[in-house]
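Residues per chain, in single letters:
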Amino acid sequence: MKKFNLIMCALVSMFAFTGMTKALEVQDGDALKKCLADGEKCVLTADIDIMDDDYTKDAERVVLVKDATLDLNGKTLKAIFGVEQGATFTLDSSKEGGKLIANSRTTASASSIYAEASTLIFNGGTVTNENGYGFYALEGGKIIVNGGTVVSRNSAVAGNNTTGVTYFEIYGGNLTAKEGPALYQPGPVSLKMTDGVLNGGIQLRMGIVDISGGTINALENGYDNVAEVYMNNKPLLLPDALSIVGGTYTAKQGTNDLKLTITGGTFEAKNEDGSAIAVYDFGKVEQKIETFIKNGTFKTASKTRGAYDVLTLKGLGVENPSAGFGTYEGKVATEITGGKFSSDVTPYLAVKYTVNRVADGYVVEPYKESQTGDGSNTTAIIKTEEPFDNDLYLEVNRYDEEDEKLALKIINEKYKDDKKLPGLKLIGLYEINMVDGTAVVPMENGKFTISIAIDRSLRNYKNYKVLYFDEDGVIKEELKATLDNGYVTFTTTHLSDYAIIGYNDGNSNPETSDNILLFACGLIVSTVAVTGIVLLKKQHN
């Protein structure tokens, strides 16, 4: 048995060492090129410069066709790269200070590194390109950023609609574009972002985009006048943290659709001219644009823009747009169901959601609470378990004195022998409804907590109850109630007519005169009272 275990241990050790690939140390350009060409894990042990000084040719671009890893190891490398034939290139720096200086102004959109039908994974270090783009994907290429820093003149991560679909995944890092959006997605297929910082914003034209975290900052200055550049099919310098440039051209591959879903992250435009999120509805070609905002923080310092805006050329001051522009505008679909905004976004809310004003902005929440307004003669609040349509509002009206006298007769008749309700007083009889304009919308089979304000003189009772009257004027239900901050609060399953009564324990009776008189005549007029309530209900219906 011991011999068997020793054999197994030896085999496991052999396979373990066989599976380990030792990194190759390189200290000059030729060694680096060979290491990467062989698909090895390469570690710089010295600063290396393999760049053409005038940055005008691709002669010195290192093109990888095998999976390879490069550890900058705290050193400085001057080079430009390409990744092709399905290979994966992983770039990292195990020590602080690792730099890739790639000041390219060449093909592949003047990028430091391109991935053509291949994958670039960036984990650490700093990549700079003073003249062009940082990372560029084409023909189905994928860019994955887990960490590190990219500083480029143009977009730090980008594609081009004429060179095929792209896949972008941002899980960390810091991406900065000095002139343009930090990330530019001009066509299909997808962008996923969970963390990281993008300085210069995000610009989208198509694709499926999911953002759940991170910080996206708009350009601080140097942006274009939209009225002068809207017809250009290239990255526009816009003042927004995230901009959608919609309806400008047709995808070379895949679909024109754009679906943006935001479940987290911070989007901010500090420049006083842009929005946190702006949809430019240019409408030259037909395009399905959908935005779903479920959470996140959205800020703008602008006094003329909102935190979320849908903008047309006419709204931007373009009275006579170029041929075709504006033809398909007006089809942007927006649903906001959460998040905090620096301006009111009520026009873009999904059904059953509302905006609540807070000290430093506006918060979108499910519409589960409504307060009475001008259509009511009583101040009241309703809270629900399930959200209701945001075009509904609460209406509570107290019945007049004659109606309440009839109701009180019924109440006294019912409780005349109840020693648990001494000194009973009718606080008020109320008609409670949710209203859509002028029409009453039935609210049944729910859980509704209603708070009705009562006069200060009626807040001295020890106990309160709420009574439900049916359409025949019969008390069908007794509900527990409490007095909190001047409101009598109770919970019910439906909205209708409810009476609030107050009473004290023992022999206390603050309003005895009314009750003595009404008890005396209660039996005589009870039938009339019931009839009166029935007539009352018919009048109100």
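Just so it is clear, the model here is predicted, and its values are computed rather than measured. Along each chain, the written sequence defines residue order, and numbers are assigned to residues from 1. Local features in this predicted model are restricted to residues whose pLDDT is 70 or higher, and side-chain atom pairs enter the listing and the counts only when it is 80 or higher, whereas totals over whole chains, interfaces and linings include all residues. Only heavy atoms go into the side-chain values, all of them from the structure, while hydrogens and water stay out.

**Q** In this structure, what is going on with helix α2 (residues 29-37)? I would like to understand it.
**A** Partly exposed residues are those whose accessible area sits between 20% and 50% of the maximum for their type, while under 20% is buried and over 50% is exposed, using a 1.4 Å probe and protein chains only. Secondary structure elements are taken from DSSP: a helix is a run of H or I of four residues or more, a strand is a run of E of two residues or more, and numbering for both begins at the N terminus. Where α2 is concerned, the buried positions are G29, L32, C35 and L36. The buried residues of α2 all sit within an arc of 130 degrees when viewed along its axis, so they share a single face. Pointing more than 90 degrees away from the buried face of α2 are the exposed residues D30 and K34. Regarding α2, its N-cap is D28, as a side-chain oxygen of that residue lies 3.2 Å from the backbone nitrogen of D30 further along. Directions are taken from the helix axis to each C-beta atom, and the arc is the one they span. Definition of a polar contact: a pair of N or O atoms within 3.5 Å, with one able to donate and the other able to accept a hydrogen when the atoms are protein atoms, and with sequence-neighbouring residues admitted only if both atoms are side-chain atoms.

**Q** Help me understand the sheet that holds strand β28 (residues 277-281), please; the structure alone is not making it clear to me.
**A** Hydrogen bonds between backbone groups are what pair the strands of a sheet, and the pairing can be parallel or antiparallel. The sheet built from ten strands is open, its strands ordered β4-β7-β10-β13-β16-β19-β22-β25-β28-β31 with parallel pairing. Each edge of the sheet is formed by a strand with only one pairing partner; in this case those strands are β4 (62-64) and β31 (308-312). Paired strands, as defined in this entry, are two strands with at least two bridges between them according to DSSP. Across three bridges, β4 lies against strand β7 (residues 81-83) in parallel orientation. Across the sheet, residue V62 finds its bridge partner in β7, namely F81.

**Q** Before we go on, may I ask you to explain the pattern of salt bridges in this structure?
**A** Should the charged atoms of two oppositely charged side chains come close, the side chains can pair. For salt bridges, the criterion is a side-chain nitrogen of Lys or Arg within 4 Å of an Asp or Glu carboxyl oxygen. Going through the model one piece at a time under the given rule, you end up with eleven salt bridges. In this structure, D38 engages K34 in a salt bridge whose closest nitrogen and oxygen atoms are separated by 2.8 Å. For D38, a relative accessible area of 36% gives the class partly exposed. E413 is paired through a salt bridge with K416; the nearest N and O atoms lie 3.5 Å apart. The class for E413 is partly exposed, based on a relative accessible area of 25%. Classification of K416 as partly exposed rests on a relative accessible area of 35%.

**Q** I keep staring at the environment of L70 and nothing clicks. Help me out?
**A** Inspection of the secondary structure assignment puts L70 in strand β5 (residues 68-71). The buried category is assigned to L70, whose relative accessible area is 0%. Any pair of residues with heavy atoms lying within 4.5 Å of one another is described as a contacting pair. Contacts of L70, omitting those with residues within four sequence positions, involve L32, L36, C42, L44, L77, F81, F89, T90, L91 and D92.

**Q** Help me understand the side chain of N271, please; the structure alone is not making it clear to me.
**A** Following the sequence through the fold, N271 ends up in the loop between β27 (266-269) and β28. A distance of 2.8 Å separates a polar side-chain atom of N271 from the backbone nitrogen of D273. Within polar-contact distance, the side chain of N271 engages the backbone nitrogen of G274 at 2.9 Å.

**Q** It is not clear to me how the pairing of strand β13 (residues 133-138) should be interpreted in this structure. Could you clarify?
**A** Regular strands place side chains that alternate from one sheet face to the opposite one. Summarising burial for β13: six of the six residues are buried, a large majority. In terms of strand pairing, strand β10 (residues 111-116) meets β13 through five bridges, oriented parallel. Across the sheet, residue A115 finds its bridge partner in β13, namely A137. Alignment of β13 against strand β16 (residues 157-158), held across two bridges, turns out to be parallel. For F135, the partnering residue across the bridge sits in β16 and is V157.

**Q** I'm lost on the sheet that holds strand β2 (residues 41-44) in this one. Help?
**A** Spatially, the twelve strands line up as an open sheet ordered β1-β2-β5-β8-β11-β14-β17-β20-β23-β26-β29-β32, and their pairing is parallel. Edge positions in the open sheet fall to β1 (24-26) and β32 (333-336), since each of these has one partner strand only. Here the strands of the sheet are splayed against their neighbours by 10 degrees on average, with no regard to which way each runs. The sheet contact formed by strand β29 (residues 289-293) and β32 spans four bridges and is parallel. Among the inter-strand pairings, E290 is bridged to a residue of β32, identified as A333. In the packing of α2 onto the sheet, contacts are made with β1, β2, β5 and β8 (88-92), and the angle to β2 comes to roughly 160 degrees. Fitted lines through C-alpha atoms serve as axes, helices being fitted only where they are in contact, and the angles separating the N-to-C directions of these axes extend from 0 to 180 degrees.

Purely spatial values, then, with no claim about function.
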